[in-house]
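Structural description and commentary
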Amino acid sequence: MRNRLKWKEQVAFITGASSGLGRSLAIELSKRKTTLILLGRNPSSLDELKKKCTENGSASYSLRYDLTNLDSFSDVYGKIISKIKKNPTLLFNCAGYNPPGFIMDTPVNVFEENFRVNTFAPVLLIQQMLPKMLKNNFGVIVNIMSSGMYHSFPGMGSYCSSKMALAALHESLKTELDGTSVRTLYVNPGAFQSNYFQNMRPHGALQTYNFQSKVAASVKKPEIVVEKIISAIEDGGDEIDLSTWKDKIGCHLNYWMPRFIDKMIVKSNKALLEYRDKYFQRISHKKNSVGKKYQ
Ligand SMILES: NC(=O)c1ccc[n+]([C@@H]2O[C@H](COP(=O)([O-])OP(=O)(O)OC[C@H]3O[C@@H](n4cnc5c(N)ncnc54)[C@H](OP(=O)(O)O)[C@@H]3O)[C@@H](O)[C@H]2O)c1
């Protein structure tokens, strides 16, 4: 199947195109002259990307849209498709973010918004594009996962649960599409360089913890992930896992020895948990309603 895919004839819909993985993917596909629909929120990044992709020879369309609002997406999508007069054949659900916070003091709406972007937007986009992909006998749906779906981490309950849910949805979709001409591609990219870490906006107690500086930055460039995604699409692959060997072993051990993995995670998050103790001691001494909340 390698090299048989006519990239020039494809229409790729990329969410999270304004930054990181989505951006690298757009640039690489523009070199192959794929038609691109680039969704993001940041107008200057989208404009700059659209210009670059157009210079590379690809028909590119930018779509400024906030995926925390899913209600008006169908209308916006309908408008852009009637303008382009082509339907997406490749869907890349790249948009995603991580709002750190302890479960006990992160507002529920933070979880809701995070799930809308990381989990429900992919569902809605699949629902919009899949019928035409099936009708036209070709399509690839690419979902971007995270190692946080193997085991959830303290302070990352929202992100990890949204990615776990996405992984489960992906599994269902994969089997639902068995025997059809539409394929799914599951991508766990492992850590890579992007704005993901600097875009973390901590909530509750973690607002004063400087969470971003405590998470390991990666040296891996997003282009490495993009190269694997393109090869998998050409080769008919359905899964890419670029997580570290530690994550992979952890994933298997979590199945067989969950208590051991819990202990390891607690150990490796010692500083975070010490901070938690100091923070809640401090606020429980305050004689105000906030303190009472945590007693
Ligand atoms: N970087 C890593 O180490 C890593 C590891 C595992 C998984 N991932 C996953 O990889 C995917 C890509 O992330 P990245 O690392 O490339 O991060 P990034 O550089 O921060 O890019 C995130 C993208 O998501 C878009 N986005 C965020 N909130 C949005 C919203 N409400 N509406 C529309 N678009 C929104 C951003 O658009 P604007 O900037 O225009 O708002 C941006 O284009 C994510 O799903 C992430 O969870 C990343």
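Residues numbered from 1 in each chain as written. Predicted model: local features only at pLDDT ≥ 70, side-chain atom pairs only at ≥ 80, totals over all residues. Heavy atoms only, no water.

Attention shifts here to the overall build of the protein chain. Of regular secondary structure, the protein chain possesses 11 helices and 7 strands. Taken over the C-alpha trace, the protein chain has a radius of gyration of 20 Å; the compact-globule value for 295 residues is 19 Å, and the two agree within 12%. For the protein chain, the spread of C-alpha atoms along the three principal axes comes to 65 × 40 × 35 Å. Within the protein chain, the proportion of its 295 residues that are buried is 47%. In the structure as shown, the protein chain presents an accessible area of about 15,500 Å², 53% of it carried by carbon and sulfur atoms. With 41 positive and 25 negative side-chain charges, the protein chain shows a spacing of 5 Å between the two charge centroids. (Helix = DSSP H or I, 4+ residues; strand = E, 2+ residues; numbered from the N terminus. Rg over C-alpha atoms; globule rule 2.2 N^0.38 Å. Buried < 20%, exposed > 50% of the residue type's maximum accessible area, 1.4 Å probe, protein only. Areas by Shrake-Rupley, 256 points an atom, 1.4 Å probe, with all protein chains shown as cover. Lys, Arg positive; Asp, Glu negative; His and termini not counted. Charge placed at Lys NZ, Arg CZ, Asp CG, Glu CD.)

Quick look at the pairing of strand S3 (residues 60–64) now. Direction of pairing for strand S2 (residues 35–40) relative to S3: parallel, over a ladder of 5 bridges. Residue Leu39 lies in a different strand from S3, and its bridge partner there is Leu63. Crossover S2 to S3 through helix H2 (residues 43–55) is right-handed. (Pairing = 2+ DSSP bridges. Right-handed = clockwise from strand over helix to strand, strands pointing away.)

For the structure shown, the criterion picks out 12 aromatic pairs. Members of the aromatic cluster, joined through ring pairs, are Phe102, Tyr209, Tyr275, Tyr279 and Phe280. Seen from the ring of Trp7, Arg32 lies directly overhead, with NZ or CZ sitting 5.9 Å from the centre. (Phe/Tyr/Trp six-rings, centres within 6.5 Å; stacked < 30°, edge-to-face > 60°. Lys NZ or Arg CZ within 6 Å of the ring centre and 35° of its normal.)

Turning our attention to the packing of helix H8 (residues 245–256) against helix H9 (residues 258–268). Close contact between H8 and H9 brings their axes to 6 Å; oriented N to C, the two are set at 130°. Judged on the interaxial angle alone, H9 and H8 are oblique. Seen from H8, the contacting residues are Gly250, Leu253, Asn254, Tyr255 and Trp256; seen from H9, they are Pro258, Phe260 and Ile261. Considered class by class, the residues forming the contact of H8 with H9 number 6 nonpolar, 2 polar and no charged. (Axes fitted to C-alpha atoms, helices over the stretch in contact; angles between N-to-C directions. Parallel < 35°, antiparallel > 145°, perpendicular 65-115°, else oblique. Contact = heavy atoms within 4.5 Å. Nonpolar A, V, L, I, M, F, W, Y, C, P; charged D, E, K, R; others polar.)

Right, let's talk about the site of the ligand for a bit. Taken together, the neighbourhood of the ligand is formed by 32 residues, with Ser18, Ser19, Arg41, Tyr159 and Ser194 sitting nearest. In this structure, an oxygen atom belonging to the ligand sits 2.8 Å away from a side-chain N or O atom of Lys163. When the ligand sits alone it has 900 Å² of accessible area, and the protein chains cover 95% of it. A per-class count over the shell around the ligand returns 16 nonpolar, 13 polar and 3 charged. (Near = heavy atom within 4 Å. Polar contact = N/O pair within 3.5 Å; in protein donor to acceptor, adjacent residues only side chain to side chain.)

So, on to the pattern of salt bridges. Taken as a whole and assessed by the stated rule, the structure comprises 7 salt bridges. For Glu48, the salt bridge is made with Arg23, and the minimal N-O distance between the two is 3.0 Å. Taken together, the residues span a long stretch of sequence, with Glu48 in helix H2 and Arg23 in helix H1 (residues 20–31) at a distance of 25 residues. Owing to a relative accessible area of 37%, Glu48 belongs among the partly exposed residues under this scheme. Residue Arg23 is classed as partly exposed on the basis of its relative accessible area, which comes to 25%. Among the ionic contacts, a cluster of salt bridges with common partners joins Glu28, Lys31 and Arg32. (Salt bridge = Lys/Arg side-chain N within 4 Å of Asp/Glu carboxyl O.)

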